[in-house]
Every structure is written in C-alpha cells, then in structure tokens.
Amino acid sequence: MSSLEEQLFEQRKNKLKEWTVKAENPYWTQFTPRNTAIELQGEYARLEKGTKTDKNVEIAGRIIAERKHGKAGFFDLKDATGSIQIYLRADGLGEKYELLHHLDLGDIIGVKGTVFKTRTGQLSIEARGLYLLAKCLRPLPEKWHGLQDIELRYRQRFLDLLVNPQVKDTFLRRVEIIRATRSYLDEKGFTEVETPMMQLIPGGATARPFMTHHHALNENFYLRIAPELYLKKLVTGGLENIYELNKNFRNEGMDRFHNPEFTMLEVYSAYKTYRDMMNLTTQLVCQVTKQIKGTWKIKYQGQEINLTPPWQCITFQAALEEIGGVKVDLESEEEIRRIAQEKELPVEGLSKAQLLEHLLDRQVVPRIIQPTFIMDYPYETAPLAKRKKDNPSLVERFELFVATQEVANAYSELNNPIEQRERLNKVVKDKTMLDEDFLQALEYGLPPTAGLGVGIDRLVMILTDSPSIRDVILFPQMRPRNPE
RNA sequence: GGGCCGUUAGCUCAGUCGGUAGAGCAUCGGCCUUUUAAGCCGAGGGUCGCAGGUUCGAUCCCUGCACGGCUCACCA
C-alpha cells in the first residue's frame with residue numbers, strides 16, 4: 001500500500017471518527033428509506049422547473065458525485081434503482097451542514113427532505129435530515145471513466161458493479177434469462193430437480209474433475225462434471241420430465257469461453273427423441289430471446305445474428321463438406337487421419353472420434369455465425385447417445401452453434417444397458433470409473449428418453465453481447481495474487 | 001503448458017531515441033446558496049509490477065519471475 005493510499009484511508013477514518021463524535025455512529029444508525037430514486041423520478045417527471053412541493057421523502061444511497069458551493073451543495077445519490085440529486089443548504093440542514101466536509105464520495109447516507117425541481121429542471125430532494133449510514137473508507141474509481149482495469153474489474157466485482165452501469169445491466173439480464181428459462185420449462189410441465197455436486201464417480205462427460213475429500217467417510221469425491229447420469233437415474237425412477245439448472249466443474253484450461261465452474265441446464269424427457277429436443281431448444285431459446293431482447297434479430301460483437309426460426313439444420317458429414325470444405329468417409333479412420341494431418345491438426349495418439357471433433361471444431365465451427373444445428377454425429381463421439389436405426393455408425397445427437405460457440409448438445413439417450421456397458425467400456429479406461437449404479441438403473445429399464453444440455457453462460461454471453469465468459473460470471477476464477 | 005502483448009499517482013491515461021516523470025479526476029487548503037464531468041486560486045501525492053544484469057547513470061535496453069489480456073494446446 002503506497003503512502004498516498006494510506007493517507008487517503010487515514011483521512012477518511014478520521015472523518016468517520018469526527019462524524020461519530022459530532023453526530024451519530026453510522027453503524028448503529030437505523031434508517032429505512034421509504035422512497036426510491038426511480039419511483040420519485042417517475043412520479044415527479046412532469047413537475048414544473050423551479051417548483052417546490054411539500055412532499056416529504058426518505059431515501060438512502062451512495063454519494064456518487066458532489067458539487068459544493070460554499071453554503072450550499074449538491075450530491076448525486078445512487079440507490080439500487082437509479083440516482084437522484086440531493087440539495088443541501090446551510091439554512092435547511094442547520095448544524096449538520098457543518099459536518100458536510102466529513103462526507104466523501106462513496107459514503108452511504110440517508111436523506112430526509114422535500115421534493116422540488118431546480119430551475120434547470122433537475123428533480124432534487126432538499127435535505128432536512130442527513131444521516132451517515134456507512135463510511136466509504138477507500139476512494140472510488142474515477143467517476144467519468146469508471147473502472148477500466150480488467151483484472152481489478154473481475155477481482156473486485158463490487159467496484160465494477162458500482163461504477164460501470166452496463167455491468168449491472170448484464171448481470172440483471174443474466175438473472176432474467178435464467179428466470180425465463182425456468183418459467184418456460186415449468187410451463188411445459190418439467191420438474192426442476194437437484195442432483196449431487198459431489199460424486200464418487202464423475203460421469204456424463206470426460207473432462208478432468210476437481211477432487212475433494214470427505215473425512216467422515218474417508219472417501220474421495222469429485223465435483224461433478226455433468227449431472228447427466230443422475231438425471232437419467234431419475235427418469236428410470238419415473239420422474240419423466242425433469243431439468244436441472246446449476247453448476248458443473250471442469251478442471252481444464254481457462255479462456256474466453258471456459259470457466260472452471262459454469263452453469264449448465266440439462267433437460268430430460270421420456271418418450272421423446274433428439275428431434276423433439278431440437279424443437280424444444282428452438283422454442284426455449286426463441287422465447288427467452290424474445291422476452292429479453294424483444295426481437296430475434298440481435299447483435300453479437302458487431303455481427304448480426306438472426307434467431308428467427310427455423311434454424312439451419314445440417315448433418316455432421318454435410319457440415320464438414322459444405323461448411324468446412326472437408327469431404328471425408330466417416331468410416332475410414334485412415335482417411336480421417338490423413339485429412340487431419342493435411343489440415344495441420346494434431347493427430348498423435350488421438351482416437352477417430354477426437355480427430356473428427358477436431359475437424360469439426362477447426363473447419364466448421366469457426367464459420368458458423370447464424371444458429372445452426374449439426375446432427376447425426378459419428379457414434380464414437382457420444383457413448384451415451386443412441387445409434388440411428390437406419391445407420392448404426394451414427395448417433396441421434398445434435399449440437400447447436402451460434403456465433404462460433406457451442407450452445408447446446410442433445411441426444412436420444414442410449415437406453416440399452418448391454419450396449420451402454422460395451423460402449424462405456426471402450427471409453428472409460430479406469431474400470432473403477434464405470435458407474436455401475438447408472439448401468440443398473442438402465443438394467444431396470446430407462447424409457448426411451450431425449451436429453452439436452454444448454455450452456456447457460458454462453459447463452460447469456462450471446463444475449464448480452466459479452467465477449468468473454470468472465471463478463472457474465474460475477475466472480476470468475478482468477479489466479480490468487482501472491483503476497484509480496 | 002507454448003506464443004504475442006500489457007503492468008507509470010487512489011482511478012483514467014500521457015511520457016522519457018537511457019539523465020530518477022506529467023495531465024485530468026479524486027484528495028487537502030481558500031472563495032462561492034440552483035449546480036450537474038460546477039467554477040476559480042493554491043498544495044500534497046510516485047522504490048514507473050518484482051528481482052537481477054548491462055551502463056558513469058535504467059521507469060526506458062537485456063534476462064528471470066508475478067499477475068492480467070489475446071491466442072494455441074487441453075476440454076468426447
């Protein structure tokens with residue numbers, strides 16, 4: 001901490017002490033505001049310039065700007081709803097006026113006073129009572145440019161929220177998106193469930209998990225990488241239309257599109273297929289978008305995106321060929337390997353499925369801007385998906401891509417326990433990581449079921465025009481700062 | 001983990017072709033009772049991310065490290 005920083009801190013602590021001695025102790029002061037900025041701004045929008053009212057109001061908030069003029073002055077007070085100007089006069093405030101120099105930008109105060117409009121037309125409250133409710137002991141970031149330092153914005157999100165108005169908008173938008181998602185599913189008759197975050201066997205995907213230890217059980221647990229297997233157990237148990245909307249944890253690299261903990265929606269519906277899920281996905285995204293944006297034509301990072309249904313739908317093979325310019329026989333591992341090499345993709349030690357996905361990720365996905373379903377993947381890419389009846393080398397799977405990002409992934413779930421065991425055996429190298437409980441649930445009979453996963457953070461990014469996943473997660477993961 | 005880039009006052013940013021740094025906001029003092037990025041006068045505030053090296057001299061050049069951004073790898 002530099003000397004200036006200490007100096008500012010000390011100055012403000014002294015002001016706090018002075019206030020406590022000469023007025024009240026802020027941390028014991030009771031003040032419950034009866035009014036909000038937005039309410040007053042609305043109610044008095046048409047008040048004539050230069051008019052006083054005898055309306056008494058009580059409002060609380062943070063001082064975000066001050067303009068003092070000797071024996072009078074103005075504060076801009078910001079509460080949760082907006083901001084309003086406070087007018088302070090020596091005659092109106094009496095002794096308290098002398099204490100004004102103990103207040104700083106950032107202090108949280110309560111104001112009692114009357115509503116009026118200045119001669120320049122600014123709605124204001126003339127203060128008759130003024131109470132310090134919490135002292136801001138550190139200087140706020142600059143009022144005009146806000147907080148620009150990206151690292152500080154993520155590490156001290158409270159400051160980011162305080163001084164960068166669009167940040168709060170984004171996170172309020174996020175809440176709306178999640179709320180709209182829930183209400184869509186609830187209205188469709190789905191039941192929200194909660195399954196374990198701590199799992200003995202991390203299943204449903206193959207990412208590296210985070211590990212933790214349960215002392216009483218003396219057992220290692222993993223933070224879930226997906227809720228999928230538990231949700232299918234519930235479908236077996238007769239909860240046939242369910243969803244879960246919560247965190248997953250993956251111990252992988254971090255970048256603009258990946259945070260170690262992220263929010264996933266998974267939906268399962270019995271007696272449905274991936275085709276039904278395609279419709280559900282379209283409806284869900286369209287309804288949420290309409291509700292949030294009021295239109296299906298949105299802008300993401302300068303690009304026009306048109307979410308008006310129906311969306312383009314193309315098979316995996318056709319996508320490789322028509323979008324990626326890669327004509328390949330999906331059956332021929334040699335050919336796939338050769339083409340991957342030609343495209344300068346890593347091939348060493350990679351399976352056919354991995355090669356195919358790399359081809360898709362590299363050649364196709366970066367070219368997809370408009371919403372596009374890619375469907376009918378090679379069966380090796382999805383061991384939990386059901387094969388196509390007329391072409392068993394493919395599975396009933398689709399992914400939705402928007403703005404070069406994967407947003408959703410869905411299958412007709414494989415419900416044949418014998419085939420499921422075989423296919424998992426091929427993929428899961430460590431047999432203790434084979435979820436026998438899940439296989440047993442299938443053995444009791446999982447109805448034909450369709451499952452869907454939607455990356456909520458990515459959806460929020462697109463609908464809030466945010467370039468990085470860290471812009472839509474309140475406290476994104478950061479490397480701890482080394483103590484000096 | 002690799003590559004590229006960044007880190008200067010509390011905040012937002014200049015700058016030094018190598019001679020220990022400036023502005024605006026904020027802060028402190030003075031004037032000002034309808035201002036609104038209030039105004040005017042004055043003042044204080046910096047181990048230029050950290051540690052080494054080269055040099056008479058480094059904030060600037062070199063190396064290493066830390067943190068961050070982008071990107072590649074990883075992530076069925």
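A quick note: this is a predicted structure, and the numbers were derived from the prediction, not measured.

Trainee: Lay out the packing of aromatic side chains with the relevant residues and their values.
Mentor: A complete count under the given rule lists six aromatic pairs for this structure. Their ring planes at 55° and their centres at 5.6 Å tell us that Tyr87 and Phe116 sit as a pair that is tilted. Residue Tyr87 is found in strand E3 (residues 83-89), and its partner Phe116 is found in strand E4 (residues 108-117); the two are separated by 29 residues along the sequence. Aromatic pair Trp311 and Phe373: ring centres 5.6 Å apart, planes at 35°, arrangement tilted. You can see Trp311 sitting in the loop between strand E13 (303-306) and strand E14 (312-315) and its partner Phe373 sitting in strand E15 (residues 372-378), a full 62 residues away along the chain. An identical accessibility class is assigned to Trp311 and Phe373; each is buried. In textbook terms, an aromatic cluster arises when at least three aromatic residues are bridged by ring pairs, as seen for Phe74, Tyr87 and Phe116. One cation-aromatic arrangement involves Lys290 over Trp296; the distance from NZ or CZ to the ring centre is 4.1 Å. The ring of Tyr377 carries the charged tip of Arg397 above its face, separated from the ring centre by 4.3 Å.

Trainee: Just give me the short version of the protein's contact with RNA strand B, but keep the residues and values in it.
Mentor: Taken together, 62 residues form the shell around RNA strand B, and within it Arg119, Thr120, Lys143, Glu151 and Glu357 come nearest. At the protein interface, 62% of the atoms of RNA strand B within 4 Å belong to sugar or phosphate. Gly70 places a polar main-chain atom, nitrogen or oxygen, 3.1 Å from a base nitrogen of RNA strand B. Counting only elements with at least two residues in the surface near RNA strand B, the list comes to helix H1 (3-22), strand E1 (52-68), strand E2 (72-78), E3, helix H4 (150-155) and helix H11 (352-364).

Trainee: For the sheet that holds strand E7 (residues 198-199), give the residues involved together with the corresponding values.
Mentor: Ordered in space as E7-E9-E8, the three strands form an open sheet in which the pairing is antiparallel. Edge positions in the open sheet fall to E7 and strand E8 (211-214), since each of these has one partner strand only.

Trainee: Quick rundown of the sheet that holds E4? Include the residues and the values.
Mentor: The strands that make up a sheet are held in pairs by hydrogen bonds between backbone atoms, and each pair lies either parallel or antiparallel. A barrel is described by the order of its strands in space; here five strands give the closed sequence E1-E2-E3-E5-E4, paired in mixed fashion. Neighbouring strand axes in the sheet, compared pairwise and without regard to direction, differ in orientation by 50° on average. Direction of pairing for E3 relative to strand E5 (residues 123-134): parallel, over a ladder of three bridges. Bridged to Ile86 within E5 is Ile125.

Trainee: I'd like a description of the nonpolar core, backed by residues and values.
Mentor: Residues Phe316, Leu320, Leu360, Val364 and Ile374 are the most contacted members of the largest nonpolar core, which totals 46 residues. In contact with Val364, other than residues within four places in its own chain, are Ala319, Leu320, Ile323, Gly324, Leu359 and Ile374.

Trainee: Can you lay out the environment of Ile462 for me, pointing to particular residues and giving the numbers?
Mentor: By the element assignment, Ile462 lies in helix H14 (residues 456-464). Distance in space between the C-alpha atoms of Ile462 and Tyr300 is 6.1 Å, their sequence separation being 162 residues. Ignoring anything within four residues of it in the chain, the contact list for Ile462 reads Ile298, Tyr300, Val402, Gln405 and Val407.

Trainee: Pulling in residues and values, what's your account of the pairing of strand E17 (residues 391-402)?
Mentor: Taking burial as the measure, the 12 residues of E17 include 10 buried ones, the bulk of the element. Of the strand pairs in this sheet, E15 and E17 are connected by six bridges, and their pairing is antiparallel. Bridged to Tyr377 within E17 is Val395. Where strand E16 (residues 387-388) meets E17, two bridges bridge the pair, whose relative direction is antiparallel. Across the sheet, the residue bridging to Lys388 is Asn391, located in E17. Taking the residues that link successive antiparallel strands as the turn, the E16-E17 hairpin has two residues. Sheet analysis places E17 next to strand E18 (residues 405-412), joined by six bridges and oriented antiparallel. Looking at the pairing, Arg397 lines up with Tyr411 of E18. In this structure, the hairpin formed by E17 and E18 is closed by a connection of two residues, where Ala403 is found at a positive phi of approximately 55°.

Trainee: Help me get a handle on the side chain of Gln405, residues and values and all.
Mentor: Along the chain, Gln405 turns up in strand E18. Every residue in contact with Gln405, bar those within four places of it in the chain, is listed here: Phe257, Tyr300, Leu400, Arg458, Met461 and Ile462.

Trainee: With reference to specific residues and values, describe the domain arrangement of chain A.
Mentor: On domain assignment, one finds that chain A holds domain 1 (3-139) and domain 2 (161-311 + 370-471). Each of domain 1 and domain 2 was reduced to a C-alpha centroid, and the two centroids are 48 Å apart.

Trainee: Just give me the short version of the confidence of the model for chain A, but keep the residues and values in it.
Mentor: Here chain A shows a mean pLDDT of 93. Residues at 70 or above account for 99%. Per-element mean pLDDT across chain A ranges from 86 in helix H10 (residues 333-342) up to 98 in strand E6 (residues 191-192). Taken over the whole predicted complex, pTM reads 0.94, whereas the ipTM for its chain interfaces reads 0.92.

Trainee: How would you explain the packing of helix H12 (residues 417-427) against helix H13 (residues 436-443) if you had to name every residue and give the values?
Mentor: When two helices pack together, their arrangement is given by the angle between the helix axes and the distance between those axes. Interhelical geometry of H12 versus H13 gives an angle of 155° and a closest axis separation of 9 Å. Accordingly, the angle class assigned to the pair H12 and H13 is roughly antiparallel. On H13, the residues touching Pro417, Gln420, Arg421 and Leu424 of H12 are Glu436, Phe438, Leu439, Leu442 and Glu443. Across the contact of H12 with H13, the residue classes tally to five nonpolar, one polar and three charged.

Trainee: Tell me about the pattern of salt bridges, residues and numbers included.
Mentor: Per the stated rule, a full pass over the model turns up 34 salt bridges. Here Asp104 ties to Lys135 by a salt bridge, and the two come within 2.8 Å at their closest N and O atoms. With Asp104 in the loop between helix H3 (90-93) and E4 and Lys135 in the loop between E5 and H4, this residue pair connects regions lying 31 residues apart in the sequence. You can call Asp104 buried: its relative accessible area is 9%. With a closest N to O distance of 3.0 Å, Lys232 and Glu228 form a salt bridge. Of the two residues, Lys232 and Glu228 both sit in helix H7 (residues 228-236), four residues apart, roughly one turn of that helix. Look at Glu228 and you get buried, because its relative accessible area is 5%. Linked by salt bridges that have partners in common, Arg12, Lys15, Asp104, Asp107 and Lys135 make up one network.

The rules we used
- Residues numbered from 1 in each chain as written.
- Chains lettered and ligands numbered in written order.
- Predicted model: local features only at pLDDT ≥ 70, side-chain atom pairs only at ≥ 80, totals over all residues.
- Heavy atoms only, no water.
- Phe/Tyr/Trp six-rings, centres within 6.5 Å; stacked < 30°, edge-to-face > 60°.
- Helix = DSSP H or I, 4+ residues; strand = E, 2+ residues; numbered from the N terminus.
- Buried < 20%, exposed > 50% of the residue type's maximum accessible area, 1.4 Å probe, protein only.
- Lys NZ or Arg CZ within 6 Å of the ring centre and 35° of its normal.
- Near = heavy atom within 4 Å.
- Polar contact = N/O pair within 3.5 Å; in protein donor to acceptor, adjacent residues only side chain to side chain.
- Pairing = 2+ DSSP bridges.
- Axes fitted to C-alpha atoms, helices over the stretch in contact; angles between N-to-C directions.
- Core = buried A, V, L, I, M, F, W, Y, C linked by side-chain atoms within 4.5 Å.
- Contact = heavy atoms within 4.5 Å.
- Domains from an automatic or database assignment.
- pLDDT = per-residue confidence, 0-100.
- Parallel < 35°, antiparallel > 145°, perpendicular 65-115°, else oblique.
- Nonpolar A, V, L, I, M, F, W, Y, C, P; charged D, E, K, R; others polar.
- Salt bridge = Lys/Arg side-chain N within 4 Å of Asp/Glu carboxyl O.

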